[in-house]
Structure formats: C-alpha cells, structure tokens
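Chain and residue survey
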Amino acid sequence: MKAEDIKKKREELVKQHNILKEKIDEAKTAIMNMQAQLNGLVGAVQLCDDFLNNPEKQDPKTAKVELNQENIK
C-alpha cells in the first residue's frame, strides 16, 4: 500500500469514528430523557395508588405533598 492510500483509509476511519461517537452521544441523551419520563410515570402511578388507598383525599396538591413527605422518611 502507498502512504497516500493509508492516509485516505485513516481519514475514512476517523470519519466513521466521529459519526459513531455522535450517535452514542445522541443515544445517551435519549436515554436520559426516557429516564426522566419514566420517573414522571412512577410518580403518577404512586399518586394514583395514593388516591386509591385514601379515597377521602381528593385534592392532588395535598396528596402530592403527603406522598413527598412519605418519601423523605
């Protein structure tokens, strides 16, 4: 192989590396966003459970405060 061919191959490899690295970074961001959504869904499920277990509590603000206080304990 000529030095020119090796340089060309190296450039192609660097380009592929950069593209893959960018895709990995995008995937990491997507995973963080999905984790945030999952946390929100868990909170919503907990709130539903609280309403089902304590039907007399109909004020979502009150239930949320009490749920947060339970998490602190």
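See the structure shown above.
Residues numbered from 1 in each chain as written. Predicted model: local features only at pLDDT ≥ 70, side-chain atom pairs only at ≥ 80, totals over all residues. Heavy atoms only, no water.

**A short note on the overall build of the chain**
What counts, and what does not: The helix count covers DSSP runs of H or I at least four residues long, the strand count covers runs of E at least two residues long, and both are numbered beginning at the N terminus. The cut-offs for exposure are 20% and 50% of the maximum accessible area for each residue type, with area from a 1.4 Å probe on protein chains only; residues under the lower value are buried, those over the upper are exposed, and the others partly exposed. Only the protein chains shown count as cover for residues, and the accessible areas themselves come from Shrake-Rupley with a 1.4 Å probe.
Along the backbone of the chain there are 2 helices and 0 strands. For the chain, buried positions account for 4% of its 73 residues. Accessible surface computed for the chain: about 6,700 Å², of which carbon and sulfur atoms make up 60%.

**A closer look at the pattern of salt bridges**
Note the cut-off: A carboxyl oxygen of Asp or Glu within 4 Å of a side-chain nitrogen of Lys or Arg is what we treat as a salt bridge.
Scanning all chains against the criterion turns up 1 salt bridge. One salt bridge in this structure joins Asp 25 and Lys 21, with 3.6 Å as the shortest N-O distance. With a gap of 4 residues between them, Asp 25 and Lys 21 both fall in helix α1 (residues 3-53), about one helical turn apart. Residue classification places Asp 25 among the partly exposed residues on the basis of a relative accessible area of 35%.

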